[in-house]
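One letter stands for each residue in the lines below.
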Amino acid sequence: MNQTSKQHNYEQFLMKNYQLCPIHSQRLSLLRIDNYQSGNLLKCLDCLIEKPFKCVPLIKILESDFNTILKGWPIFDDSQIYDQLKDMKQKEDFIMQDIQTVLNFYESLKKEIILLIQKEEKETIKNLQTRYENLEYPLDLYNKISQKEKLKDIIFNSYQNQDKQNYEFQKIVKENLQNQENYKGQIFYSFNNLNRSTFTYEELFSVKDKIIQLMDSISIAQSQIKIDSLQKLNQIYGQTIIDIGLQSKNIQNDGLQQIAQTLEKHSRITNLTLNLRENDIQVQGAKLIASALHKLSNITSMTLDFTENNIQTEGAKEIALSLQKLQKITNLNLNLCGNDIQDEGAKYISLALQKCHKISNLALWLE
Ligand SMILES: [Zn+2]
């Protein structure tokens, strides 16, 4: 159906099914939108002329589609909004535009990185060659001291004069006899040098490791995931910056187990906020959480807020044991107030933290 015939159909539909205005005997074709208490909201054109009101023509509503902006509906008189809405690109275009920006960015980044890698590759090869040039290769050395070419020359050219030939041989044999120890030393020195200078793959892999570490530490694509209910825990999948906020949700052992099981599967997490204030964490629950934390060996920054639970000394001990496994941690914010952990529990925590050598930012609330 084309546009005109559609329009025609809508008109026909309205003509056929909509009554005439009881006052003006004109077709009711307008929806009054500024006063819902004025009796019938369907009005005719003459109603409008008689006493102006804000309205939307029914035909305009029927004709409308996703891209139609009905001026004046649902907000009266805001040309700024309507003009902007009218000029608005489709959402898909917006997304495409952003995707294109990202694609272009990475395309040029890839080119730059490849150029840098190629430069590095060239320099490595150059270094390698220099390294070999600067050392006497054992076979080269052997060929130099063995004087095979000189012996050949004597064999080819001096056989007609035996005395002369013998004299020449004597000279070389004598030289060789005198230099036995010296030659031996030179050859061994050359072997050793070669072994020491031989290029190792470790050097290359250390370059690779550095680059991969650097890439890992850049997390442009990683946004922070906020979890505010147990049902949303599965959203953590693949993310490394996690904010779990489940304060005052009456969370008990089964909830804690769910949290623990989810965290355990995500050892790549680097930033974790776990807010479980005012729940029902007992010793057992603290053990569940602690055993999960234990496995998050990539954590660099963590906030644990267990204020107002019932973790007790034993729970604090479990948490302390897992904290000391987090050797990459630099920022820690730990709140165990209102958990009856006693001096002993606080001691476990502080002893554990002494083993986290990278911590530079620490906030502790233990009482
Ligand atoms: Zn009327």
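Residues numbered from 1 in each chain as written. Predicted model: local features only at pLDDT ≥ 70, side-chain atom pairs only at ≥ 80, totals over all residues.

Run through the domain arrangement of the chain, naming residues and quoting values.
Taken domain by domain, the chain holds domain 1 (3–87), domain 2 (93–134), domain 3 (135–212) and domain 4 (225–365). Averaged C-alpha coordinates put domain 3 and domain 4 at centres separated by 67 Å. (Domains from an automatic or database assignment.)

Which residues make up the sheet that holds strand E7 (residues 301–305), and what values do they have?
Pairing within the open sheet is parallel, and its six strands lie in the order E4-E5-E6-E7-E8-E9. Each of the sheet's edge strands pairs with one partner strand only, and the pair in question is strand E4 (225–227) and strand E9 (361–365). Geometrically, the sheet is characterised by an average inter-axis angle of 5° between neighbouring strands, direction not taken into account. In this sheet, strand E5 (residues 241–245) lies alongside E4 in parallel orientation, the contact comprising three bridges. When the bridges of E5 are listed, Ile225 appears paired with Ile242. (Pairing = 2+ DSSP bridges. Helix = DSSP H or I, 4+ residues; strand = E, 2+ residues; numbered from the N terminus. Axes fitted to C-alpha atoms, helices over the stretch in contact; angles between N-to-C directions.)

Explain the packing of helix H7 (residues 148–157) against helix H8 (residues 162–178) to me, using residue names and the numbers behind them.
Viewed as axis vectors pointing N to C, H7 and H8 meet at an angle of 170°, and their least axial separation amounts to 10 Å. Judged on the interaxial angle alone, H8 and H7 are roughly antiparallel. For the pair H7 and H8, the crossing hand works out as left-handed. Contacts from Lys150, Leu151 and Ile154 in H7 reach Gln165, Glu168, Phe169 and Ile172 in H8. (Parallel < 35°, antiparallel > 145°, perpendicular 65-115°, else oblique. Left-handed = near helix turned anticlockwise from the far one by under 90°. Contact = placed C-beta atoms within 7 Å.)

Hey, could you go over helix H5 (residues 91–133) for me, with residue numbers and the actual values?
An ideal rise of 1.5 Å per residue puts 63 Å on 43 residues; H5 measures up with 63 Å between its terminal C-alpha atoms. With zero of 43 residues buried, H5 lies mostly on the surface of the structure. (Expected span 1.5 Å × (residues − 1). Buried ≥ 20, exposed ≤ 12 C-beta atoms within 10 Å, placed from the backbone.)

Account for the sheet that holds strand E3 (residues 55–57), naming residues and giving values.
Pairing in this open sheet of three strands is antiparallel, and the strands run E2-E1-E3 from one edge to the other. Only two strands of the sheet have a single neighbouring strand rather than two, namely strand E2 (42–43) and E3. Bridge analysis of strand E1 (residues 30–32) against E2 gives two bridges, and the strand direction is antiparallel. Bridge pairing in E2 places Leu31 opposite Leu42.

A description of the environment of Ala260 should follow, citing residues and the corresponding values.
With respect to the helices, strands and loops of the structure, Ala260 is situated in helix H11 (residues 253–264). Classification of Ala260 by C-beta neighbours within 10 Å gives buried; the count is 20. The spacing of Ala260 and Asn234 is 26 residues in sequence and 12 Å in space, taken between C-alpha atoms. In this structure, Ala260 is in contact with Leu288, Ile289, Ser291 and Ala292, ignoring residues within four places of it in sequence.

Outline the pairing of strand E6 (residues 271–275), supporting the account with residue identities and numerical values.
The side chains of a regular strand alternate between the sheet's two faces. Here five bridges tie E5 to E6, and the two strands are oriented parallel to one another. Bridge pairing in E6 links Ile244 to Leu274. For the handedness criterion, the β-α-β arrangement of E5, H11 and E6 is classed as right-handed. One ladder, built from five bridges, connects E6 with E7; its direction is parallel. For Asn275, the partnering residue across the bridge sits in E7 and is Asp305. (Right-handed = clockwise from strand over helix to strand, strands pointing away.)

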